[in-house]
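Fold and contact review
Single-letter residue listing:
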Amino acid sequence: MIRIYNTLTRKKEDFVTLEPNIVKMYVCGVTVYNDAHVGHAMSALVFDVIRRYLEYRGYNVKHVMNYTDVDDKIINRANALGEDPLALSQRYIADYNKNLSDLNVLPATSNPQVSKTMPLIIEFIQGLIRKEAAYAAPNGDVYFSVTSEEDYGKLSGRKIEDMQAGARIEVEEAKVHPMDFALWKAAKPGEIFWESPWGKGRPGWHIECSAMNLAELGEQIDIHGGGNDLIFPHHENEIAQSEAYTGKEFSRYWIHNGMLQIGGEKMSKSLGNIVSIQDFLAKRDADVMRMLVLSGSYRAPLIFTDETQDAAEKSLDRLRAALRAGRADLGGLSLEAASALTSQAEAAKQSFIEAMDDDFNSPLALAALYEIVKGINTARDGGANAAQLQPAQTILRELTDVLGLRLAEKTGSSADEARVLALIEERNQARKDKQWARSDQLRDQLKEMGVTIEDGKGGTTWRWG
RNA sequence: GGCGUCGUGGCCAAGUGGUAAGGCAAGGGUCUGCAAAACCCUCACCACGGGUUCAAAUCCCGUCGACGCCUCCA
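Computed from a predicted structure; not experimentally measured.

1. What to know about the sheet that holds strand 10 (residues 251-257)
In sheet architecture, strand pairing relies on hydrogen bonds along the backbone and comes in two forms, parallel and antiparallel. The 4 strands are arranged 4-3-9-10 in an open sheet whose pairing can be described as parallel. Lying at the two open borders of the sheet, with one neighbouring strand each, are strand 4 (60-65) and strand 10. In this sheet, adjacent strand axes meet at a mean angle of 20° when their direction is disregarded. Of the pairings in the sheet, the one linking strand 3 (residues 22-27) to strand 4 comprises 6 bridges and is parallel in character.

2. Considering the packing of helix 9 (residues 306-323) against helix 11 (residues 362-381)
Angle between the axes and distance between the axes are the two parameters that describe a pair of packed helices. The interhelical angle for the contact between helix 9 and helix 11, taken along N-to-C directions, is 50°, at an axis separation of 9 Å. In terms of orientation, helix 9 lies oblique with respect to helix 11. As for how helix 9 packs across helix 11, the hand of that crossing is left-handed. In this structure, helix 9 uses Ser315, Arg318, Leu319, Ala321 and Ala322 to contact helix 11, whose residues at the interface are Leu369, Tyr370, Val373, Lys374, Ile376, Asn377 and Arg380.

3. A look at the pattern of salt bridges
Pairs can form between side chains of opposite charge whenever their charged atoms are close. Considering all chains together, one arrives at 33 salt bridges under this definition. Here lysine 73 and aspartate 71 are joined by a salt bridge, their closest N and O atoms 3.6 Å apart. Connected via shared salt-bridge partners are Asp72, Lys185, Lys188, Glu191 and Arg202.

4. What about the nonpolar core?
Core analysis: the biggest nonpolar cluster contains 85 residues, and Leu54, Met289, Phe352 and Phe360 have the highest contact counts within it. The dominant element in this core, judged by the number of residues it contributes, is helix 1 (residues 38-56), at 11 residues. Listed in part, the 43 residues of the second largest apolar core include Met118, Ala211, Ile239 and Phe250.

5. Observations regarding the layout of surface pockets
Volume-wise, the second largest pocket comes out at about 700 Å³. In terms of lining, the second largest pocket is formed by 22 residues, of which the most central are Arg327, Arg380, Glu454, Gly456 and Thr461. If one sorts the elements of the lining of the second largest pocket by residue count, strand 15 (residues 459-464) sits on top with 4 residues. Within the lining of the second largest pocket, the residues separate by chemical class into 6 nonpolar, 9 polar and 7 charged.

6. Re empty space enclosed by the protein
A complete count under the given rule lists 3 cavities of 30 Å³ or more for this structure. For the largest cavity, the calculated volume is near 70 Å³. Every residue along the wall of the largest cavity is listed here: Leu45, Val46, Val49, Ile50, Val293, Leu294, Gly296, Tyr298, Phe360 and Ser362. Put simply, the parts of the chain that give the lining of the largest cavity at least two residues each are helix 1 and helix 8 (286-294). Residue composition of the lining of the largest cavity, by class: 8 nonpolar, 2 polar and no charged.

7. Here we look at the sheet that holds strand 13 (residues 302-303)
Spatially, 3 strands are ordered 12-11-13 in an open sheet, and the strand pairing comes out mixed. The sheet is open, and its two edges are formed by strand 12 (265-266) and strand 13, each paired on a single side. Relative to strand 12, strand 11 (residues 260-262) runs antiparallel, the two being bridged by 2 bridges. What sits directly across from isoleucine 262, in strand 12, is glutamate 265.

8. Re the environment of arginine 52
Structurally, arginine 52 can be placed in helix 1. Distance in space between the C-alpha atoms of arginine 52 and tyrosine 245 is 32 Å, their sequence separation being 193 residues. With sequence-adjacent residues up to four places away left out, arginine 52 is seen in contact with Asn104, Leu106, Arg290, Asp401, Val402, Leu403 and Gly404.

9. A look at the pairing of strand 14 (residues 451-456)
Taken together, the 6 bridges between strand 14 and strand 15 define a ladder with antiparallel strand orientation. Looking at the pairing, valine 451 lines up with tryptophan 464 of strand 15.

10. A short note on unusual backbone geometry
Between phenylalanine 232 and proline 233 the backbone carries a cis peptide bond, its omega angle lying at 0°. We note that phenylalanine 360 has phi near 55°; this positive angle belongs to a residue other than glycine. For phenylalanine 360, the location among the structural elements is in the loop between helix 10 (335-357) and helix 11. According to the relative accessible area criterion, phenylalanine 360 is buried, its value standing at 4%. Of note in this structure, leucine 407 is not a glycine but carries a positive phi near 55°. Among the secondary structure elements, leucine 407 is positioned in the loop between helix 12 (386-403) and helix 13 (414-432).

So, how was this worked out
- Residues numbered from 1 in each chain as written.
- Chains lettered and ligands numbered in written order.
- Predicted model: local features only at pLDDT ≥ 70, side-chain atom pairs only at ≥ 80, totals over all residues.
- Heavy atoms only, no water.
- Pairing = 2+ DSSP bridges.
- Helix = DSSP H or I, 4+ residues; strand = E, 2+ residues; numbered from the N terminus.
- Axes fitted to C-alpha atoms, helices over the stretch in contact; angles between N-to-C directions.
- Parallel < 35°, antiparallel > 145°, perpendicular 65-115°, else oblique.
- Left-handed = near helix turned anticlockwise from the far one by under 90°.
- Contact = heavy atoms within 4.5 Å.
- Salt bridge = Lys/Arg side-chain N within 4 Å of Asp/Glu carboxyl O.
- Core = buried A, V, L, I, M, F, W, Y, C linked by side-chain atoms within 4.5 Å.
- Buried < 20%, exposed > 50% of the residue type's maximum accessible area, 1.4 Å probe, protein only.
- 1 Å grid on protein atoms, 1.4 Å probe; cavity = no way out; pocket = protein on both sides within 12 Å on 5 of 7 lines; lining within 4 Å.
- Points joined across faces, edges and corners; volume = space filled by probe spheres on them.
- Nonpolar A, V, L, I, M, F, W, Y, C, P; charged D, E, K, R; others polar.

Written out as structure tokens, the structure is:
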């Protein structure tokens, strides 16, 4: 039984889907007006791992991730660049899709966009007005009335009275209650707009997700996810809108990932302390980002430093090394030892599943993987041949696949390969002749070419990296 | 001011009532011509102060501190 921490109840709960074996999961994507950063990557990776694990456990996951392509920031940026806002957002959507694919994030089953959901959004707002959960203001805006929902604030644990509306921004005059939020915003001169019953305008931020949810997954969903900075007001408002509209419980489980931290602060566009995904990938392998995410709880802040990145890289080396094929020509382990390795790996697989079942406890799951690694290494040291290592390696590979780790070996140019082999041959001769200085010199030369040499019992092996 | 999360070894990080997983780093050792890799060993009483309990990192109260949200934000 999978258990999931539900933000709504602040408890771990048994995961029971609305329909057997089907998971409807909606994850808030990004507003596309700028390069995405590693904080966005964290969120995408968290939900990618969750999705992969649920699929591994036999669920058919309908994974929806939206793109907010109509928004103030997009309009501002587009105006600054003299570009059409939709063209601009389309460009960043393409960039982000590239980022995700580089990060080995599985494509969502669908990626709705606000600009393509307009009729349903308008219909949704009309429905809310009919139910008296929303009202059109004289200025052309439409607001959601927070006091119309008795349990408004249930997700974030706030009471309307406690909130300091307008503490930092001015409250719109047209609002009946200061916490009311915009469903529809009247267009200002020169802004992109859509026709609506309330005149020219565009949707507010929150309504789009309620509408796209309805369009893609229906009235009720199993999992709604996103960064924990979205709990309030975004997700709170989504719940209010959707439940007011359908009269049904919106999402069963609310999952929120912690924020990526750099220099003790959240990484965010507004703070300007950003490392873009593209810049990260120019320096580090995509697996490093994923390993960083996996090495801590998805709900906790992720400490992003050179040191944690280095550590992640080393851990990956360890996994990669364990997966390297054994030598076919070795005498081999005893039958007992070989079967002990296999059963150890099978036991570790059970530990892995137990860990992941418990609210996707990836750090604990990784520990199970390292048990397999140690078993493989010990067996290899003990003379195990390729066939004896393979069952454990197959299990290890299966589980690292579940986590979405690629663990690809580094590669060099094939043109250099002949030269590498020649140098190794020369070095082997030097070693036979006990010409250690020459041998070490050749090893240094290979190192400079990006080749690592290891002199094992059965001979010298080499690899890129 | 309100709401929430949290404070575990040099770093990252599990564990939420029965005497502290794992990874990285560090030190020692085995192996090696030397290395590298691997393996073995060593390295914490869990922010602080009270309390509950036979027993607490784990529950309760308080203090201090960090971070997030209350405004666009993954």
